[in-house]
Amino acid sequence: MKPSPTPIVAALAAYDPGHDLEALRARAPPGGLVELGSNENAFGPCAGALAVVRGSDATALRRYPDPHARSLKSALAAHHGVTTAEIALGNGSHELLMQFAQAYAGLGDEVLYSQYGFAVYAIAAASVGATGVAATARPADDPQAPRGHDLDAFAAALTPRTRLAYLANPNNPTGTAFTLESFERFLSSVPTEVLVVVDEAYVDYAEEPGTASVLSIRDRFPNLVVTRTFSKIHALAGLRVGYAVADEAVVLTLERLRETFNINVLAQEATVVSLSDSAHLDSCRIANLRQRQLLTDALRSLGLGVARSRANFVLVDFEASGHAATVVERALLDRGLVVRPMHGYGLPQCLRITVGTDAEQARLLDAMREALS
Ligand code: PLP
């Protein structure tokens, strides 16, 4: 007999990262691969964060990192005007998203998220044997937030068994956002024993008035948790740092599940530097806005459906164009362009494309024109 996993784990499917990028890089065409599949920041990290990594030495690497990442927690607490006891750190926000389910849901409980919500929420629910419940999203032709979170549907999907709800604002992969006002109305209707996690991985890109962070209403809702990441606007996805701002009791609960040294030594230092470089973050935000608009306009001019995005990617719908997204995706890949297929999200007619530099978007658009011709 072989050792066998628990029935809960045996029933899980692993997270699908989209592509085997190492293999694709190894057989990239001349000119290299253009990677627009993972919503990374095309404009790169700040010089100070790079200098931290380049300047590391044997002493730094030989030692374990500070298990409490005190400097980083202090910097984040000062940044958000909260105490260090209200900050939890994860090896990417992905780790924290999993820990919320581990800590707050189990067999017989329900975990709520949205149809077309970020894939990790369903995985987190399943990983603890909880029942995942997907609230129906807004329709594809909704003028404000096509396929975005429908907060009324969320409220209607709450049951006495709901322990945890995940919402992403802006949402991946739809690029939609809800307003602070509508969220506050929703949250007021949620029983206080339900932990509500708002995943703000892309919030720095949402420039709309009213689409502010929900951090400002945390004081009145101790069951509200906000997650952020250094993987997007900070362009440090490779260092793996995410954090949650939460009630002290929630932070202490996560602490019981945390791997002691989950934030490595270079990540602790580089993120502090990145947090302080607001000029670099502003330049990334402005560059993203510009490139996103150019990308949206160019794809629309090819007859493709592109919903307005509040993030650093666009969701492209091929349905009305008469082209199959899977065929286009294959043709793009043959030309060295990596974008993200969306069948895992129940959107087989769509591809998600990350905002890129001028050069990357020019190559994408050339390849797209060829693929469509
Ligand atoms: N949340 C959302 C909505 C995301 O799209 C992602 C990654 O793409 C994450 C969280 C995870 O980010 P990380 O684990 O790199 O912090």
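See the structure shown above.
Quick notes on the rules
Residues numbered from 1 in each chain as written. Predicted model: local features only at pLDDT ≥ 70, side-chain atom pairs only at ≥ 80, totals over all residues. Heavy atoms only, no water. Salt bridge = Lys/Arg side-chain N within 4 Å of Asp/Glu carboxyl O. Buried < 20%, exposed > 50% of the residue type's maximum accessible area, 1.4 Å probe, protein only. Helix = DSSP H or I, 4+ residues; strand = E, 2+ residues; numbered from the N terminus. Contact = heavy atoms within 4.5 Å. Pairing = 2+ DSSP bridges. Axes fitted to C-alpha atoms, helices over the stretch in contact; angles between N-to-C directions. Near = heavy atom within 4 Å. Polar contact = N/O pair within 3.5 Å; in protein donor to acceptor, adjacent residues only side chain to side chain. Areas by Shrake-Rupley, 256 points an atom, 1.4 Å probe, with all protein chains shown as cover. Nonpolar A, V, L, I, M, F, W, Y, C, P; charged D, E, K, R; others polar. Core = buried A, V, L, I, M, F, W, Y, C linked by side-chain atoms within 4.5 Å. Phe/Tyr/Trp six-rings, centres within 6.5 Å; stacked < 30°, edge-to-face > 60°. Arc of directions from axis to C-beta.

Caption draft 1: The arrangement of the pattern of salt bridges in detail. Scanning the entire structure with this criterion turns up 14 salt bridges. Taking the shortest distance from any N to any O, the salt bridge between R258 and E255 comes out at 2.8 Å. According to the relative accessible area criterion, E255 is partly exposed, its value standing at 29%. A salt bridge links R285 to D282, with the nearest nitrogen and oxygen atoms 2.5 Å apart. You can see R285 and its partner D282 sitting in helix α12 (residues 278–301), three residues apart, about one turn around the helix. A cluster of three or more residues bridged by salt bridges with shared partners is formed by E22, R25 and E35.

Caption draft 2: Region of interest: the environment of A270. Along the polypeptide, A270 turns up in helix α11 (residues 265–276). Given a relative accessible area of 0%, A270 falls into the buried group. Beyond its immediate chain neighbours, meaning those up to four positions away, A270 contacts A49, V52, L236 and L239.

Caption draft 3: Up close: the sheet that holds strand β10 (residues 313–317). Strand order in this open sheet of four strands is β9-β10-β13-β12, and the pairing throughout is antiparallel. With one partner strand each, in any of the chains shown, β9 (305–306) and β12 (340–341) form the two edges of the open sheet. Examined bridge by bridge, β10 and strand β13 (residues 350–354) share five bridges and lie antiparallel to one another. Counterpart to F313 in the pairing with β13 is T354. Helix-sheet contacts for helix α13 (residues 325–334) involve β12 and β13, and the interaxial angle to β13 is about 35°.

Caption draft 4: Spotlight on the site of the ligand. Close contacts around the ligand come from G92, S93, H94, F118, N172, D199, A201, Y202, T229, S231, K232 and R240, and that covers them all. The side chain of Y202 places a nitrogen or oxygen atom 2.7 Å from an oxygen atom of the ligand. In this structure, S231 approaches the ligand through a side-chain N or O atom, which is 2.6 Å from an oxygen atom. Across the complex, the protein chains shield 92% of the 400 Å² of accessible surface that the ligand would expose by itself. Across the shell around the ligand, the residue classes break down as three nonpolar, six polar and three charged.

Caption draft 5: Geometry of the sheet that holds strand β2 (residues 87–90). Taking strand neighbours across the sheet as the criterion, the seven strands line up as β2-β8-β7-β6-β5-β3-β4 in an open arrangement whose pairing is mixed. Every other strand in the sheet has two partners, leaving β2 and β4 (131–135) as the edge strands with one partner each. Here the strands of the sheet are splayed against their neighbours by 20° on average, with no regard to which way each runs. By the bridge criterion, three bridges tie strand β3 (residues 110–114) to strand β5 (residues 162–168) in an arrangement that is parallel. By the bridge assignment, E110 is partnered in β5 with T162. Where helix α6 (residues 93–104) meets the sheet, its contacts fall on β2, β5, β6 (195–199), β7 (224–229) and β8 (242–245), and the angle it forms with β5 comes to roughly 165°.

Caption draft 6: Representation of the nonpolar core in the model. Counting 44 residues, the largest nonpolar core has L167, F183, V196, V214 and L224 as its most contacted members. Ignoring anything within four residues of it in the chain, the contact list for F183 reads L151, L167, F178, V196, V198, V214, I217 and L224. Ranked by size, the runner-up nonpolar core spans 33 residues in total, among them L97, L254, Y345 and C350.

Caption draft 7: How the structure looks around the packing of aromatic side chains. Tallying each qualifying case throughout the model produces eight aromatic pairs. A ring pair is formed by F178 and F183, whose centres lie 5.4 Å apart and whose planes are at 15°; its orientation type is stacked. Of the two residues examined, F178 and F183, each falls in the buried class. Between F183 and F186, the aromatic rings sit 6.0 Å apart at their centres with planes inclined by 50°, giving tilted as the arrangement. Linking F183 with F186, this pair stays in helix α9 (residues 180–188), spanning three residues, or about one helical turn. Note on F186: relative accessible area 5%, which makes it buried.

Caption draft 8: Structural context of unusual backbone geometry. Backbone torsion omega between N169 and P170 reads -10°, so that peptide bond is classified as cis. With respect to the helices and strands, the residue P170 is situated in the loop between β5 and α9. Phi is positive for Y116, which is not a glycine, with a value near 60°. Note on placement: Y116 falls in the loop between β3 and α7 (119–127). Positive phi, normally seen in glycine, also occurs at R240, with a value near 60°. Looking at the element boundaries, R240 is found in the loop between β7 and β8.

Caption draft 9: Representation of α7 within the structure. Of all the residues in α7, the buried ones are V120, Y121, A124 and A125. Projected down its long axis, α7 carries its buried residues within an arc of 140°, all on one side. Looking at the packing, one finds that the buried side of α7 touches α6, β3, β4, β5 and β6. In the segment just after α7, G129 is the residue with positive phi, at about 80°.

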